[in-house]
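Understanding the architecture of this molecule
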Amino acid sequence: MAQKLHPNIECLRWIVGKWESFEVSGQYPTVKDFNFRETIDFESIGQPLINYSSIARNYETGAPMHLERGFLKIKPNTNEAALIASQNSGISTIEEGSVEEKVLSLETSSICRPSFAKQPFVTKFQRKYWLEEDVLNYEQHMETENTPLQKHLFVKYRRIE
Ligand code: HEM
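Residues numbered from 1 in each chain as written. Predicted model: local features only at pLDDT ≥ 70, side-chain atom pairs only at ≥ 80, totals over all residues.

**Observations regarding the pairing of strand β9 (residues 122–132)**
The criterion, for reference: Any two strands with at least two DSSP-identified bridges between them are counted as paired. Secondary structure elements are defined from DSSP: runs of H or I of at least 4 residues count as helices, runs of E of at least 2 residues count as strands, and each element is numbered from the N terminus.
In this sheet, β9 lies alongside strand β8 (residues 103–112) in antiparallel orientation, the contact comprising five bridges. Its bridge partner being in β9, Glu107 is matched across the sheet by Gln126. Across 10 bridges, the pairing between β9 and strand β10 (residues 135–144) is antiparallel. Within the sheet, the bridge partner assigned to Trp130 lies in β10 and is Asn137. The antiparallel hairpin formed by β9 and β10 contains two residues in its connecting segment, where Glu133 sits at a positive phi of about 50°.

Below, the structure is given as structure tokens:
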């Protein structure tokens, strides 16, 4: 039976659920190409927002690598979206964008970090999720203080819940 969602987040129904990566590529000009596995969860518990979490693990050993936790919101009666999130690397971000049909696009509007954060600092990133049939695609582009905006991640996920 279809889950009952708060009306404010009805436009995100297509992304609600738990997803597991089955094809990934990680890259950036300053690092060696890398592989990983990732599980992401866009969870609704009846509030007008989605609880978001991600855990990316080492492809071979399963050791945890990159983690994110956050909240995805929609401005009422619009298609404007905001993700408020924190990462285990030490940054917290506000990302804003929109939902158009089955595409969610976000770009950082604010990034903060502790005084002892590791460099290079991320100065901007963009995420895009889009659903094609039953595959959720994800692309992330990133800019740091040393490197202009370019692709860091591409992932295809299949639904597991
Ligand atoms: C919005 C999400 C992410 C941000 C902002 C981010 C940020 C960064 C930054 C700033 C670097 C260093 C680049 C440099 O030295 O020039 C980096 C490297 C790296 N990232 Fe990400 N990353 C994200 C997601 C992920 C995910 C999901 C993975 C999956 C495992 C990942 C794996 C790596 C790896 C393996 C490296 C290279 C090794 C290292 O420097 O630790 N990243 N990332």
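Having seen the structure, we can now continue with the description.
**Here's the deal with the pairing of strand β3 (residues 36–43)**
In terms of strand pairing, strand β1 (residues 17–28) meets β3 through four bridges, oriented antiparallel. Across the sheet, residue Gly17 finds its bridge partner in β3, namely Phe42.

**Topic: the site of the ligand**
Convention followed: Any residue whose C-beta atom, as set from the backbone, lies within 6 Å of a molecule or strand is reported as near that molecule or strand. Under the convention adopted here, Pro, Cys and the residues Ala, Val, Leu, Ile, Met, Phe, Trp and Tyr are nonpolar, Asp, Glu, Lys and Arg are charged, and Gly plus all remaining residues are polar.
Neighbouring the ligand are 19 residues, the closest being Thr30, Val31, Phe36, Ala56 and His66. At the level of elements, β1, β2 (31–34), β5 (64–74), β9, β10 and β11 (150–159) are the ones that each hand at least two residues to the shell around the ligand. Tallied by class, residues from the shell around the ligand come to 11 nonpolar, eight polar and no charged.

**Quick look at unusual backbone geometry**
Formally: Field definition: a residue is buried when 20 or more other C-beta atoms are found within 10 Å of its C-beta, exposed when 12 or fewer are, and partly exposed for counts in between, with C-beta atoms placed from the backbone.
Residue Pro120 is reached from Gln119 by a cis peptide bond, and omega for that bond is 5°. Positionally, Pro120 belongs in the loop between β8 and β9. The phi dihedral of Asn77 is positive, around 65°, even though this residue is not glycine. Judged by local crowding, Asn77 falls into the exposed class, with 8 C-beta atoms found within 10 Å.

These results come straight from atomic positions and should not be treated as a statement about function.
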